[in-house]
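Residues per chain, in single letters:
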Protein chains: 2
Amino acid sequence: MKSEGVKEDMNTKTVRISIIGLGNVGRGVAEVIRRKQEEITRKYGINLKIVGVADLPGAVVDENGLSEDAIRKFKSGETTEDMTTLDMIKDVEHEIVVETTPTNVENGEPGLTHIITALESDRHVVTSNKGPLALQYGKLMNLAASRGKELKFEASVGGAMPIISLVKDNLAGNGIISIKGILNGTCNYILTRMREEKLPYEHVLKEAQERGIAETDPSNDVAGRDTAVKLVILANSIFDRHVSYKDVEVAGITEITLEALKLADDAGYVIKLIGEVDGGGSSGECLKVAPRLVPKDDPLNVGGTLNVATIKTDLAGDITVIGKGAGPIEAASAVLSDIIGIYM
Amino acid sequence: MKSEGVKEDMNTKTVRISIIGLGNVGRGVAEVIRRKQEEITRKYGINLKIVGVADLPGAVVDENGLSEDAIRKFKSGETTEDMTTLDMIKDVEHEIVVETTPTNVENGEPGLTHIITALESDRHVVTSNKGPLALQYGKLMNLAASRGKELKFEASVGGAMPIISLVKDNLAGNGIISIKGILNGTCNYILTRMREEKLPYEHVLKEAQERGIAETDPSNDVAGRDTAVKLVILANSIFDRHVSYKDVEVAGITEITLEALKLADDAGYVIKLIGEVDGGGSSGECLKVAPRLVPKDDPLNVGGTLNVATIKTDLAGDITVIGKGAGPIEAASAVLSDIIGIYM
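What counts and how
- Residues numbered from 1 in each chain as written.
- Chains lettered and ligands numbered in written order.
- Predicted model: local features only at pLDDT ≥ 70, side-chain atom pairs only at ≥ 80, totals over all residues.
- Heavy atoms only, no water.
- Contact = heavy atoms within 4.5 Å.
- Buried area = accessible area lost by both parts, 1.4 Å probe.
- Salt bridge = Lys/Arg side-chain N within 4 Å of Asp/Glu carboxyl O.
- Polar contact = N/O pair within 3.5 Å; in protein donor to acceptor, adjacent residues only side chain to side chain.
- Helix = DSSP H or I, 4+ residues; strand = E, 2+ residues; numbered from the N terminus.
- 1 Å grid on protein atoms, 1.4 Å probe; cavity = no way out; pocket = protein on both sides within 12 Å on 5 of 7 lines; lining within 4 Å.
- Points joined across faces, edges and corners; volume = space filled by probe spheres on them.
- Buried < 20%, exposed > 50% of the residue type's maximum accessible area, 1.4 Å probe, protein only.
- Pairing = 2+ DSSP bridges.

**Student:** Give a detailed account of the interface of chain A and chain B, specifying residues and quantitative values.
**Tutor:** Taken residue by residue, the interface counts 39 residues in chain A and 39 residues in chain B. When chain A packs against chain B, the two sides together hide about 2,900 Å² of surface, and 55% of this comes from carbon and sulfur. Three residues, Asn 170, Leu 315 and Ile 322 of chain A, lead the burial of chain A against chain B; their summed loss comes to 21% of the area buried on that side. At the junction of chain A with chain B, the criterion picks out 2 salt bridges. Linking Asp 314 of chain B and Lys 36 of chain A is a salt bridge whose minimum nitrogen-to-oxygen distance equals 2.3 Å. Joining chain A to chain B, the criterion identifies 17 residue pairs in polar contact (both at pLDDT 80 or more). Put simply, the parts of the chain that give the side of chain A that touches chain B at least two residues each are helix 1 (24–44), helix 6 (164–170), strand 12 (318–324) and helix 12 (328–343) of chain A.

And the structure:
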């Protein structure tokens, strides 16, 4: 697996990784690690090696590193599993488990068990999976701390758009007053197209489904539930609150009409599905997803599938960040930054 | 100086700081450290103590920490200096020199000598001063590396808006293709007001001067030189280029007319003073400041005195960050994040 041109010397550390979940994000992580391997070794002195991947049937492993072809063959069913996913997590020697199975906000599974098992096996965890974080944030962070391991999850909120690390690192020293933003690209696409093309909700939703922007069952997105889960993660990780999904006040975009968009437009506003969270306390607690009027010249007015968040701070004032909220390579970018962050 | 309520235990590390330059930024840093001291000790386990401050007459020092009152009295001339600035840097024991003297792009002084002396005295340096970085970036970084010390400068570009640390940390693993943005709040204010109020350049400039947004001699800002210096810092620090101020192609905003703004507006654009830099190489090298057309719905279209930068990456796509580019507390916020970053 050692590529030509990679400088392997005493200063290079091999970091062995498993990827659990070979959906878009998991395959994106494998692709990005393959594409960036030499550059990462050169710049950060770490040699990333994928020693196992797991999907529904179980796991395939290779301590020398799995090739692109081996991962593809396993995903397509041409090769069968070597062991169960949990056995891979526990028994195959490696440093980082990347957990990218689909979000389940009922009970967090199977991601929750994967993450707990990984931490109990003394492995770092990097995840894009919102379910376990929304349901068991405190328990998981305590487990990670007790094992001296990191649990990182930048990809779970805003895709490629940095927000959790932005607040924790770049705004260190600032008190964070609130975070407010568009955290669901599907809803943003629908509202943007409705406004620009004067087309009704059902029409634009159908178009979004045809273009792969909305899922066949779009309800998690359009009812605001996806945004709500992300808000819970921000509330717990940035504001040290102890909330779960049921604590969020949620309204979606299904009732937004062309007339409402037109009225807003005439008054200098757009309508966006906004999630807002603050630190709670005496001035009232905010943990809310709802369609809201946004002034056209406000930084939160971004179009298409973009995500955006405005972070209100006590020193730096308002900081806004805009980026692609979805896409396999974009999410993999956030996973990769988290991986590198563990060793920087 | 120990405040009530600060948990001083074995895990708390005292970090002694000197501040050189008691202009807006330097005083902002002193103010922010005072205001945030207990919170920083609690969250990061470091106790920040200002053991010296220096301004034109020289330096005052107190190994037990200078009070707010002592700093004020020295600044107002009620007390005199204890020693020269260079003696303070060399002889007073401390960990971090915060250099905030005014930018000088002719020869970088006096900041350049302060920074070199600090690094040679084995102190970390955090600076908001663009001159030394624009003129001697490579030499200064090599000196810092040879001493095993950090030289950090988030406040030098974009004020409170994170950009250097954003690229280096949050987008780690990404290849950075280009950075494009509004890096001067004074120019943005002038162009925004001209467009919105249909007032000519000279009128708005005068208003900006009255409001303290433009300086009495506004030429560094309006001629694009301030933006150019910031681009040089981005070129050297993020793109590993070896350029200096004279390599930048610069045009300012003094020739922008109401007619030009109106024509742009009719076509769906605004005019902004845009700085753009890329990694150079075969596809041509960009290092340019010029008024440019920006589509109204582009994330770069921000108004007032805001700064903005769009970072084009190979994995995460375009990431845009918006924030306050100026202001003493905002710049101090960036200095403080750099200080904390040294110990995280």
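**Student:** Outline the pattern of salt bridges, supporting the account with residue identities and numerical values.
**Tutor:** Counted according to the given criterion, the structure contains 52 salt bridges over all chains. Between Arg 34 of chain B and Glu 68 of chain B there is a salt bridge, with its nearest N and O atoms 3.3 Å apart. Residue Arg 34 of chain B is located in helix 1 (residues 24–44), and its partner Glu 68 of chain B is located in helix 2 (residues 68–75); the two are separated by 34 residues in the primary sequence. One salt-bridge network, in which partners are shared between bridges, spans Glu 31, Arg 34, Arg 35 and Glu 68 of chain A.

**Student:** A description of empty space enclosed by the protein should follow, citing residues and the corresponding values.
**Tutor:** In this approach, a probe sized like a water molecule rolls over the atoms, and the result shows the empty space that is left. Overall, the coordinates contain 1 cavity of 30 Å³ or more when judged by the stated rule. Of the pockets and cavities examined, the largest cavity occupies roughly 40 Å³. Lining of the largest cavity is provided by Asn 170 and Leu 171 of chain A together with Glu 154, Ala 160, Pro 162, Ser 333, Ala 334 and Ser 337 of chain B. For the lining of the largest cavity, the element with the most residues is helix 12 (residues 328–342) of chain B, which contributes 3 residues.

**Student:** Kindly report on the side chain of Thr 41 of chain A, identifying the contributing residues and their values.
**Tutor:** All names here are of chain A. Examined against the element boundaries, Thr 41 turns out to sit in helix 1. A polar contact is formed between the side chain of Thr 41 and the backbone oxygen of Gln 37, at a distance of 3.0 Å. In terms of polar contacts, Thr 41 uses its side chain to reach the backbone carbonyl oxygen of Ile 46, at 3.2 Å.

**Student:** I'd love a proper account of the pairing of strand 12 (residues 318–324) of chain B, names of residues and values included.
**Tutor:** Both faces of the sheet carry side chains from a regular strand, because those side chains alternate between them. Within strand 12 of chain B, 5 of the 7 residues are buried, leaving the element largely enclosed by the surrounding structure. Relative to strand 12 of chain B, strand 12 of chain A runs antiparallel, the two being bridged by 3 bridges. By the bridge assignment, Thr 320 of chain A is partnered in strand 12 of chain B with Ile 322 of chain B. Two strands pair when backbone bridges link them, and strand 11 (residues 306–313) of chain B and strand 12 of chain B are joined in this way by 7 bridges, in the antiparallel orientation. Counterpart to Lys 312 of chain B in the pairing with strand 12 of chain B is Asp 318 of chain B. Joining the antiparallel neighbours strand 11 of chain B and strand 12 of chain B is a turn of 4 residues, in which Gly 317 of chain B adopts a positive phi near 75°.

**Student:** Could you give an account of the sheet that holds strand 4 (residues 96–99) of chain A, naming the residues involved and the relevant values?
**Tutor:** Residue and element names in this part refer to chain A. Strand order in the open sheet formed by 6 strands is 3-2-1-4-5-6, and the pairing between neighbours is mixed. Sheet topology places strand 3 (58–61) and strand 6 (151–152) at the edges, where each strand pairs with a single neighbour. Sheet analysis places strand 2 (residues 46–55) next to strand 3, joined by 4 bridges and oriented antiparallel. By the bridge assignment, Ala 54 is partnered in strand 3 with Ala 59.

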